[in-house]
Amino acid sequence: MAPIRSETGADGHSPDGRGRAGVARPVLPVPEAEGTEVDDTEAMAQAITIAERVRRRTPPNPWVGCVLVRDGQVVGEGATFPPGGAHAEAAALTAAGDQARGATAYVTLEPCAHQGRTRPCATALIDAGVTRVVVALEDPDPQVRGRGLDTLRAAGLTVNIGAGADAARRSLAPYLHHRRTGRAFVVAKLAVSVDGRTAARDGTAQWITGPAARHDAHEGRADSQAVVVGAGTAITDQPSLTVRDVANPGPHPPLRVVLDARGRVDATGPLFDPALAPTLVVTTDAAPPDRVDAWQAAGTKVDVVNAAPGGVDLTETLTSLGGHGVLQALVEGGATLHGALWAAGLVDRLVVYVGATLLGADAHPALVWPGPPTISDAPHLTLTAVTALGDDVRLTYDRDDEAT
């Protein structure tokens, strides 16, 4: 069997080579003899690989991959272009040309059947003469849900669902969560010592992890559409929250989000420099009007949500971010915000960088929250990836309900 190795897909995008969140990046072995069959799971794995290459370019649309196979050979492949551009199916059909007739299409997400800025993908597959379509997941978007599959079946195509579903679901988790709930998918990022502390007794935290882990954290920012901190972190650290030293950062910097219920954060410093990246402050009616005016004068967007004990209403905040087109929100701190998100059950994925150091019992904890009353009530997580980064390690967990 000869492997298909594509450094640049039919959509013209290059892979970022990361394979984050435990998403496998296998290569599809294609039989050389005509008439032999390609395993559906292997073909779908290749489609997921292609989709992962463009995940930073497509939001708020999903990153989708499509592979066309005829007589045991890959005749076309493609991934979704940025919003307004071709969808994965159209890109693959363009690459295949006339060879698409009689082919099987492997698509990571249900083809759309509605007319938007592009032609319906289900119609394009039908008109190209594709005879079978294998879909990993049904699209939960109300405009698509089931309609694409029905359109294909009504035209006489064979439709199979579920090949590679687990890997596709993990890859597309932010999009699926957003379309089902309207909220941004929360990735909680922690950098801790081996004994689970985020800062030394005097509050110093630079650096718990080494250069490789810190670079990897910037890759995580590039995978997200928003980076979120609380008012305390904004005041203490004066962060820029930008993506730095990443080879393929995507077309737009992530939105920098500050949760500040009482208007504590001055509209100064790198976080409020619009030349670096856009900034959104989520606040409540408790913020002084002059502080809100200062934020807006600095070019910052301001969203006002309801107050909750200790800060802003987090569910409303995540819904607001979802309305801004944020599929994945990377939460970088601090311990109070992380604890509030866990207490509210709003963390969907946990990324923990464990630095090769020990800080002791008097150091700062990773989470400030009461925690479960008993071990049987503790949230259970599914480990999806373990990555060594120099002397440090990155652990990626999904909440059980998100992973399954």
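Here the structure is shown first, and the text comes after it.
Just so you know, these numbers come straight off a predicted model, no measurement behind them.

Asks: Looking at this structure, I do not really get the environment of Gly360. What am I missing?
Replies: Note on placement: Gly360 falls in the loop between strand E17 (349-354) and strand E18 (364-365). In this structure, the C-alpha to C-alpha distance between Gly360 and Ala200, residues 160 residues apart in sequence, is 8.0 Å. Other than its neighbours up to four places away in sequence, Gly360 contacts Asp195 and Arg197.

Asks: What's the story with the sheet that holds strand E8 (residues 185-192) in this structure? I'm lost.
Replies: The pairing of strands in a sheet comes from backbone hydrogen bonds and takes either a parallel or an antiparallel form. Overall, mixed pairing links the nine strands, which are arranged E13-E12-E11-E10-E16-E8-E17-E20-E19 in an open sheet. Taken across any chain shown, the strands that pair with only one partner, and hence form the sheet edges, are strand E13 (301-304) and strand E19 (381-389). Within the sheet, the average angular offset between the axes of one strand and its neighbour, ignoring direction, is 20°. Of the strand pairs in this sheet, strand E11 (residues 255-259) and strand E12 (residues 279-283) are connected by four bridges, and their pairing is parallel. From the neighbouring strand, Val258 faces E12, where its bridge partner is Val281. Lying on the sheet, helix H11 (residues 335-343) is in contact with E8, strand E10 (226-230), E11, strand E16 (328-333), E17 and E19; it crosses E16 at an angle near 130°.

Asks: Help me out: how do you make sense of the pattern of salt bridges in this one?
Replies: Two side chains of opposite charge can pair, provided their charged atoms sit close to one another. Enumeration over the complete set of coordinates arrives at 16 salt bridges. Its salt-bridge partner being Asp362, residue Arg201 comes within 3.8 Å of it at the nearest N-O pair. Taken together, the residues span a long stretch of sequence, with Arg201 in the loop between strand E9 (197-199) and helix H7 (211-222) and Asp362 in the loop between E17 and E18 at a distance of 161 residues. For Asp362, a relative accessible area of 56% puts it in the exposed group. For Arg394, the salt bridge is made with Asp216, and the minimal N-O distance between the two is 2.8 Å. Taken as a pair, Arg394 in strand E20 (residues 392-399) and Asp216 in helix H7 lie far apart in primary sequence, 178 residues in all.

The rules behind the values
Residues numbered from 1 in each chain as written. Predicted model: local features only at pLDDT ≥ 70, side-chain atom pairs only at ≥ 80, totals over all residues. Heavy atoms only, no water. Helix = DSSP H or I, 4+ residues; strand = E, 2+ residues; numbered from the N terminus. Contact = heavy atoms within 4.5 Å. Pairing = 2+ DSSP bridges. Axes fitted to C-alpha atoms, helices over the stretch in contact; angles between N-to-C directions. Salt bridge = Lys/Arg side-chain N within 4 Å of Asp/Glu carboxyl O. Buried < 20%, exposed > 50% of the residue type's maximum accessible area, 1.4 Å probe, protein only.

As far as function goes, none of this settles anything; it's purely spatial.
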